[in-house]
Amino acid sequence: MALGKNYEGQRCALASALEVIGERWTLLIVRDAMYGVRRFGDFQAHLDIPKAVLSQRLASLVEAGVLERRRYQETPPRDEYVLTPVGHELWLPVLALAQWGERNLATRGPLRVFHHATCGGRLEPTSYCPTCGGTVKLEDVEMRPGPGLAADTRKDQVSLALRTPHRMLDPIP
């Protein structure tokens, strides 16, 4: 029996959310946008995602209001993809899932560690900073390489940039 492609019969907010972000690759695209990836080629190279799939996922995230498509070059026409406020709201679920994976699935330790950029405190899964006692917004988070990243041999521009501390949402050079 083939699986359905949507959750039409479900009257549930989680099912509605999965319609937008539940397909394979989608949360990884959102994660990379949080890291500061904005350009199609950088998403494609960092994720090793087929171009057709990336095009479709980006279009659906734009349609859902998670990403905004912005023109950054006219000749030839080139666009970048930037998180909207709706996309920013996915920070807590992405952080919680990443930290769950670190605790339960990472054999060499976390690949990336999230800190409050202002005081340096390491964030809890709720984006709470125990050092200064506040909840930290996505734009105030600094991602640092974790011990699990030492074995990474990827050479794409995004992977290389993320081997050093990087403020979330700042564009990848």
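Below, the structure is looked at part by part.

Conventions we followed
Residues numbered from 1 in each chain as written. Predicted model: local features only at pLDDT ≥ 70, side-chain atom pairs only at ≥ 80, totals over all residues. Heavy atoms only, no water. Core = buried A, V, L, I, M, F, W, Y, C linked by side-chain atoms within 4.5 Å. Buried < 20%, exposed > 50% of the residue type's maximum accessible area, 1.4 Å probe, protein only. Helix = DSSP H or I, 4+ residues; strand = E, 2+ residues; numbered from the N terminus. Contact = heavy atoms within 4.5 Å. Arc of directions from axis to C-beta. Axes fitted to C-alpha atoms, helices over the stretch in contact; angles between N-to-C directions. Parallel < 35°, antiparallel > 145°, perpendicular 65-115°, else oblique. Nonpolar A, V, L, I, M, F, W, Y, C, P; charged D, E, K, R; others polar. Salt bridge = Lys/Arg side-chain N within 4 Å of Asp/Glu carboxyl O.

Things to note about the nonpolar core
Here is step 1: In this structure, Ile29, Met34, Leu83, Trp91, Phe114 and Met168 are the most contacted members of the largest nonpolar core, which totals 35 residues.
Here is step 2: Looking at which element gives the most residues to this core, the answer is helix H2 (residues 26-35), with five residues.
Here is step 3: Leaving out residues up to four positions away in the same chain, tryptophan 91 has contacts with Met34, Phe114, Leu123, Ser127, Val136, Leu138, Val141 and Met168.

What to know about helix H3 (residues 40-47)
Here is step 1: For H3, the full list of buried residues reads Asp42, Phe43, His46 and Leu47. Projection of H3 onto a plane perpendicular to its axis shows the buried side chains occupying an angular sector of 110 degrees, all on one side.
Here is step 2: In this structure, the buried residues of H3 make contact with H2, helix H4 (51-63), strand S2 (78-83) and helix H7 (157-161).
Here is step 3: Residue aspartate 48 follows H3 closely and has a positive phi angle near 55 degrees.

Structural notes on the packing of H2 against H4
Here is step 1: Their axes nearest at 10 Å, the elements H2 and H4 cross at an angle of 70 degrees. Taken together, H2 and H4 sit at an angle that is classed as roughly perpendicular. Residue-level inspection shows Thr26, Ile29 and Val30 of H2 in contact with H4, the latter providing Leu54, Arg57, Leu58 and Leu61.
Here is step 2: Here the residues of the contact of H2 with H4 are counted per class, giving five nonpolar, one polar and one charged.

Observations regarding the pattern of salt bridges
Here is step 1: Tallied over the full model, the rule gives twelve salt bridges.
Here is step 2: Residue arginine 163 is joined to aspartate 152 by a salt bridge in which the shortest nitrogen-to-oxygen separation is 3.5 Å. Here aspartate 152 lies in the loop between strand S6 (141-145) and H7 and arginine 163 lies in the loop between H7 and strand S7 (166-167), a separation of eleven residues in the sequence.
Here is step 3: Among the salt bridges present, the one from aspartate 156 reaches arginine 154, with a minimum N-O distance of 2.9 Å.
Here is step 4: Since its relative accessible area comes to 28%, arginine 154 is described here as partly exposed.
Here is step 5: Shared partners join several salt bridges into a network, and the residues in it are Arg69, Arg71, Glu74 and Asp79.

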